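Understanding the architecture of this molecule
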Amino acid sequence: MPEVNLLICVDSLSKRFGRRKVLNELNLNICKGDFLTIVGPNGAGKTTLLRILSTLSGFSSGCITINGVDIKENPAFVRKKIGLLSHNLLLYKDLNAYENLRFYGKMYNVSLLEDKISELLEKVELDHRKFDVVRTFSRGMQQRLSIARALLHDPEIIFLDEPFSGLDVHAGRILDGILEDLKKGCHTLVMTTHDIKKGLVHANSVAVLSGSKIAYHQRENLPDLDDFNQIYSDCVRNKR
Amino acid sequence: MNYLRHVLILVQKDIVAELRTKEMLNSMLLFVLLTMVMFNFAFGSGPETETLSSGLLWISFLFAAILGLNRVFVHEKDEGCLDGLMLCSMDCSVIYFGKAISSFLFLSVAELIALPVFTVFFVRESFLSHLWILIIVLMLGNVGISAVGTLLSAISINTKARDLMLPVLFLPVIVPILVAAVKSTGLVLSFSSVGTQQFWTEIVIWLRTLVIYDIIFVLVGFLTFEYVVEE
Amino acid sequence: MRLKNGTIKRCLGITSFLGIFISLYMAFFYTPLDKNLGVVQKIFYIHFPAAIVPYFAFFVVLVCSIIYLKTRDRKWSKIAYASAEIGLVIDTALLVTGTIFDKPTWGVWWVWEPRLTTSLIMWLLYAGYLMLYYSVGEAERRSRLTAVYGIVAFISVPISFMSIRWWRTVHPIVFEPTKIALDTSMWVTTLVFLFSMTLFYAYLLGHRVDMIGLQEEIEDLKDEVED
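So, a few notes on the structure that sits alongside this text. From a predicted model like this one, the values you see are computed outputs, not experimental measurements.

Turning to the sheet that holds strand β5 (residues 69-70) of chain A, a few remarks are in order. All names here are of chain A. Pairing is antiparallel across the open sheet formed by four strands, whose spatial order is β2-β1-β4-β5. At either margin of the open sheet sits one strand with a lone partner, and together these are β2 (20-31) and β5. Of the strands in this sheet, β1 (6-17), β2 and β4 (61-66) are in contact with helix α1 (residues 46-53), which crosses β1 at around 120°.

Glancing now at the layout of surface pockets. Rolled over the atoms, a probe sized like a water molecule indicates the empty space that remains. Of the volumes computed, that of the largest pocket is approximately 1,600 Å³. Surrounding the largest pocket, 48 residues form its lining, Gly58 of chain A, Glu230 and Glu231 of chain B together with Arg72 and Glu140 of chain C being those nearest its centre. Mapped by element, the contributors of at least two residues to the lining of the largest pocket are β1 and α2 (75-81) of chain A, α6 (92-122) and α9 (196-229) of chain B together with α3 (74-106), α5 (139-169) and α6 (184-226) of chain C. Examining the composition of the lining of the largest pocket, we find that seven residues originate from one element, α6 of chain C, more than from any other. Here the residues of the lining of the largest pocket are counted per class, giving 16 nonpolar, eight polar and 24 charged.

To continue, consider the interface of chain B and chain C. Counting from both sides, the interface comprises 31 residues of chain B and, opposite them, 30 residues of chain C. Of the roughly 2,900 Å² buried at the junction of chain B and chain C (both faces included), carbon and sulfur atoms supply 74%. One can count one salt bridge joining chain B with chain C. Our count for the chain B to chain C interface comes out at eight residue pairs in polar contact (both at pLDDT 80 or more). Those elements that place two or more of their residues in the side of chain B that touches chain C are α7 (131-157), α8 (165-189) and α9 of chain B. The greatest single-element share of the side of chain B that touches chain C, amounting to 13 residues, is contributed by α9 of chain B. Partitioning the side of chain B that touches chain C into residue classes produces 21 nonpolar, four polar and six charged.

Quick look at the nonpolar core now. Counting residues in each nonpolar core, the largest one holds 216 residues, and the members touching the most others are Ile145 and Phe170 of chain B together with Tyr126 and Tyr149 of chain C. Apart from the residues lying within four places of it in its own chain, the contact partners of Tyr126 of chain C are Phe58, Val61, Ala84, Leu88, Gly150, Ala153 and Phe154 of chain C. Counting seven residues, the second largest nonpolar core, distinct from the first, contains Ile20, Tyr45, Leu182 and Phe193 of chain C.

In this section: the sheet that holds strand β10 (residues 213-219) of chain A. All names here are of chain A. Taken in spatial order, the six strands make up an open sheet running β6-β7-β8-β3-β9-β10, and their pairing is mixed. In this open sheet, the two strands that pair with only one neighbour each are β6 (82-85) and β10. With direction set aside, neighbouring strand axes in the sheet form an average angle of 15°. Of the strands in this sheet, β3 (35-39), β7 (157-161), β8 (188-193) and β9 (205-210) are in contact with α1, which crosses β7 at around 155°. Running at roughly 170° to β6, helix α5 (residues 139-151) makes contact with β6 and β7 of the sheet.

What follows is about the packing of α6 of chain B against α7 of chain B. To characterise two packed helices, one gives the angle between the axes of the helices and the distance between these axes. Residue and element names in this part refer to chain B. Running from N to C, α6 and α7 point in directions that differ by 140°, and their axes come no closer than 8 Å. With respect to each other, α6 and α7 are oriented oblique. Handedness of the crossing formed by α6 with α7: right-handed. Here Tyr96, Lys99, Ala100, Ser103, Phe104, Leu107, Ser108, Glu111, Leu112 and Leu115 of α6 lie close against α7, whose contacting residues are Leu131, Leu134, Ile135, Leu138, Met139, Asn142, Val143, Ile145, Ser146, Ala147, Thr150 and Leu151. Across the contact of α6 with α7, the residue classes break down as 15 nonpolar, five polar and two charged.

Bringing a nonpolar patch on the surface into the picture now. Residues and elements named next belong to chain B. Judged by side-chain polarity, Leu30, Leu34, Val37, Met38, Phe41, Val120 and Phe121 come together as a nonpolar surface patch covering roughly 740 Å² of accessible area. Elements that contribute at least two residues to the nonpolar patch include exactly α2 (23-43) and α6. Here Val37 falls in the partly exposed class, since its relative accessible area comes to 32%.

Another point: the packing of aromatic side chains. All chains considered together, the criterion is met by 31 aromatic pairs over all chains. Both rings, one in Phe17 of chain C and one in Phe200 of chain C, keep their centres 5.7 Å apart while their planes meet at 65°; by these two values the pair is edge-to-face. Here Phe200 of chain C lies in helix α6 and Phe17 of chain C lies in helix α1 (residues 2-30), a separation of 183 residues in the sequence. Of the residues examined, Phe17 of chain C reaches a relative accessible area of 41% and is grouped as partly exposed. Judged by relative accessible area, Phe200 of chain C falls into the partly exposed class, the value being 22%. Aromatic ring contacts, followed pair by pair, group Phe39, Phe43, Phe118, Phe121 and Phe122 of chain B into a single cluster. The ring of Phe59 of chain A has Lys72 of chain A lying over it, and the distance from NZ or CZ to the ring centre is 4.2 Å.

Rules used throughout
Numbers given to residues run from 1 along each chain, matching the order in which its sequence is written. For this description, chains carry letters from A and ligands carry numbers from 1, given in the order in which they are written. It should be noted that, the model being predicted, local features are given only for residues of pLDDT at least 70 and side-chain atom pairs only at 80 or more, the latter also being counted only at that level, while totals for whole chains, interfaces and linings use all residues. In computing side-chain properties, one takes all heavy atoms of the structure into account and sets aside hydrogens as well as water. For two strands to be treated as a pair, DSSP must find at least two bridges joining them. Numbering of helices and strands runs from the N terminus, with a helix taken as a DSSP run of H or I at least four residues long and a strand as a DSSP run of E at least two residues long. By definition in these notes, contact holds between two residues if any of their heavy atoms fall within 4.5 Å. In this description, a line fitted to the C-alpha atoms serves as the axis of each element, helices being fitted only across the stretch in contact, and the angle between N-to-C directions of two axes falls anywhere from 0 to 180 degrees. The pocket and cavity definitions rest on a 1 Å grid over protein atoms only: a 1.4 Å probe that fits but cannot leave marks a cavity, an open set with protein on both sides within 12 Å along at least five of seven lines marks a pocket, and residues lining either have an atom within 4 Å of a point. Grid points are joined across faces, edges and corners, and a volume is the space filled by probe spheres set on the points. Only Asp, Glu, Lys and Arg are considered charged, only Ala, Val, Leu, Ile, Met, Phe, Trp, Tyr, Cys and Pro nonpolar, and every remaining residue, Gly among them, polar. Each of two parts loses accessible area, computed with a 1.4 Å probe, when they are put together; buried area is these two losses added. The term salt bridge refers to a side-chain nitrogen of Lys or Arg lying within 4 Å of a carboxyl oxygen of Asp or Glu. A 3.5 Å cut-off defines polar contacts: any pair of N or O atoms within that distance qualifies, except that in protein one atom must be a possible hydrogen donor and the other a possible acceptor, and neighbouring residues in sequence count only when both atoms are side-chain atoms. We define a nonpolar core as any set of buried Ala, Val, Leu, Ile, Met, Phe, Trp, Tyr and Cys residues linked to one another through side-chain atoms lying within 4.5 Å. Only protein chains enter the accessibility calculation, which uses a 1.4 Å probe; a residue is then buried when its area is under 20% of its type maximum, exposed when over 50%, and partly exposed in between. Should an angle lie under 35 degrees it is considered roughly parallel, over 145 roughly antiparallel, and from 65 to 115 roughly perpendicular; all remaining angles are considered oblique. By the definition used in this description, the sense in which the near helix is turned from the far one sets the handedness, with an anticlockwise turn below a right angle giving left-handed and a clockwise turn giving right-handed. Patch membership requires over 30% relative accessible area and the absence of a salt bridge. Like charges are linked within 9 Å, and nonpolar side chains (Val, Leu, Ile, Met, Phe, Trp, Tyr) within 5 Å. Residue-level accessible areas treat just the shown protein chains as cover; the underlying method is Shrake-Rupley with a 1.4 Å probe. Pairing of aromatic rings covers Phe, Tyr and Trp, the last through its six-membered ring, and needs centres within 6.5 Å; plane angles under 30 degrees mean stacked, over 60 mean edge-to-face, and all others mean tilted. Criterion for a charge above a ring: Arg CZ or Lys NZ at most 6 Å from the ring centre, at most 35 degrees from the ring normal.

Written out as structure tokens, the structure reads:
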């Protein structure tokens, strides 16, 4: 294995709701600059995993470190480093696009905020709707604004939970472009999706989450789509 | 310093959003006015209603507050904004203070608009010379209401019953505020019939109760809020 | 361990039942008849412990809630809930005996007297606590939210008492409570009753905690089967 820079280290992570184990003794290592795609069937715990990684959800046992810092002990340190695009928008519908970004930007102490906001709005092609209330946006536009919000504070690590859902072809292309840029910019990205094809486009690392465990994880030398489809269905079938 | 700045940014955000829709303010204000009118129909207008008027004032404020407090976390919960807030604030208590301060502001604005109407409807004697005491009473009452209310609103938004839960949890806890506020408002409204010395000794007791309550519950909210919003 | 637990509970049960019988006997046959109130005064012997034990029970709720939030051990939240429930039941007994006591004494069923009013507010607070408990589905979240409310509720009790007392004392009191002069035998009976009622509370608490444990186990097993 080549010399790599370990960034996120998940060690035997378990999360229980009552007696039901959503995640069971899960291990996962993510290196700096990786683009990891996690695929898995509905209800496999993809969202739960991302919520735990972004410190929004607690876990029952195990240990997670980001950059060597335990996230349970120092969540504030982790929160500054991460950007989250969840399937909730995390936007205020009664504020306009600009106000939403300005609010989050101020909370994150972003310097040169105005420039940053214009730059991001241009990137997600919403600059013409800058002063419109988010409530009047279509779902896809809201999602694009949410992407801008997640990138506002230049996070090192970006978690994306089903980012392509609700996006039309054009908006999907915008997101593709942004993801490519982030990859080039040496950001670490973790994306969940149930769309295997989309998942393979950008990733340099793929994992299958099934049966509350990481059933398959391959970094570099990724399988092609057909092989991966086969692997995926094997993983899901083995669980049953 | 940064802490305070974050609280203020949060309050500012709430004010901008509220001024755009005015949902909370309008409904609280109308509710207060409606209660007063209904009260008049229920109890008639005579000298005996005057002795009840301080109670009427606070009952209508309290129920209007419940109306407003129920909305405090609705917008945060709607699109998962609470998650966003958790990610960008350094400390959960920033969210608590931000929310408590904005509900304090909205409640105070609604009350200050309703107060002249109340005076016209229910008060015969001028209490202008003691108005400043009444304002202090209102503000102290509002601090307590929003300190407890914000915490309990965060609790009730996490239940299945949601807005049905808040009054059940909120009203028994707020009894001391109601007692102290009604008594001191009654004193201000009838200060001419109470001797000056008696007025001051009694009002001090009630203001003291309000201050004690406020301090304790701001502290409790500050210390326990993180347990309510975490997951 | 299981056996020992059961033995303790059985002992608690037997002693508390015996204690209550003895105190009832003492109340009716050992203590003299009150000069002013007559036989009605007998209700005081159950009224007094029923007033004290809820405070104790709700204090247990407070302590267990704080410990739960610190340790996250679900055991404590079960004790807190069980204690609130039993406290509420005993508080209900207090309110009922209070009204029965008031009627012949003051001529009305209810007197807004500070202590009784505080107990009423306490009843409302913990009725809210139980409602909160049943309106949160997920066990961990339920424990967290009820723990916070358990703290808020208990802290508000003394402030309520204070404000209600001033509310009465600042203005002329309509019903001046006559001091019930208790002689030694009356005090002894009251204390015996208090002691047995506290034991009875502990006995119920033990059983209720076990029951909640079983209930939650059933819920978990149901979840597992559904999976």
